[in-house]
Amino acid sequence: RYLTDVLEIRLDGSLGLSRNTDAMYSMTFALLEGASEALGIRRTDIDGTLYFREFGAPPSIILYDTTPGGAGHVKQIRGKLFDAAREARKKVKSCSCGDDTSCYNCLRNYQNQRFHDQLQRKYAIRLLSEMLNIYD
C-alpha cells in the first residue's frame, strides 16, 4: 500500500459497453498505451484498474502512477486526455490482430497478463470512438 497520484474516468456512454467489464478493461489498457505513446511516459510508470463505486453502476477507470508518491504522470494525462485517447484509438484500430482478441502490439503487456483473455480490440475501438465522437 502506498500513496500515489490517481485519475478517475467515468464513462456514461449510450453503448452500454460501460457496464461490460471486459470492455472497460480493454478501454483502460488502451488509454494507458495511448497515454504512454502520446505523452512519452514509460508504460511501466503508469497502470490502471476498474473501481466499482456502487452496485449496478458502470465502473470507473482508475489510472495511477506506479511510483510511490506519484511522478505526476496522471496529472499530465488529465491535461492531455484527448491526445491520449486519440493515440489509443489509432493504435488499437491499426493493429492487425482480430477484433475479438488483442496482442502485444495493441493492448497486452506482461503486467496485464491476467486480463489477456478478456481484452478485445473491438471494445476499445468502440468506447474510444464514442469518447472522441468519431463514427466511421
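Residues numbered from 1 in each chain as written. Predicted model: local features only at pLDDT ≥ 70, side-chain atom pairs only at ≥ 80, totals over all residues. Heavy atoms only, no water.

## Some thoughts on the packing of aromatic side chains
One pass over the structure, following the stated rule, counts three aromatic pairs. Seen from their ring centres, tyrosine 25 and phenylalanine 29 are 6.3 Å apart, and the 15° between their planes marks the pair as stacked. Of the two residues, tyrosine 25 and phenylalanine 29 are both situated in helix H1 (residues 21–39); the distance of four residues between them amounts to about one turn of the helix. Here the two residues tyrosine 25 and phenylalanine 29 agree in accessibility, since each one is buried. Geometrically, the ring pair formed by phenylalanine 29 and phenylalanine 115 is tilted, given 5.6 Å between the ring centres and 40° between the ring planes. With phenylalanine 29 in helix H1 and phenylalanine 115 in the loop between helix H3 (81–94) and helix H4 (121–132), the pair connects residues that are 86 residues apart, well separated along the chain. This pair shows no difference in class: phenylalanine 29 is buried, exactly as phenylalanine 115 is. (Phe/Tyr/Trp six-rings, centres within 6.5 Å; stacked < 30°, edge-to-face > 60°. Helix = DSSP H or I, 4+ residues; strand = E, 2+ residues; numbered from the N terminus. Buried < 20%, exposed > 50% of the residue type's maximum accessible area, 1.4 Å probe, protein only.)

## Examining the packing of H1 against H3
The geometry of H1 relative to H3 is characterised by a closest axis approach of 7 Å and an angle of 110° between their N-to-C directions. Here H1 lies roughly perpendicular to H3, going by the angle between them. Where H1 abuts H3, its residues Ala30, Leu31, Glu33, Gly34, Ala35, Glu37 and Ala38 lie against Leu81, Asp83, Ala84, Ala85, Glu87, Ala88, Lys91 and Val92. Class assignment of the residues belonging to the contact of H1 with H3 gives a composition of nine nonpolar, one polar and five charged. (Axes fitted to C-alpha atoms, helices over the stretch in contact; angles between N-to-C directions. Parallel < 35°, antiparallel > 145°, perpendicular 65-115°, else oblique. Contact = heavy atoms within 4.5 Å. Nonpolar A, V, L, I, M, F, W, Y, C, P; charged D, E, K, R; others polar.)

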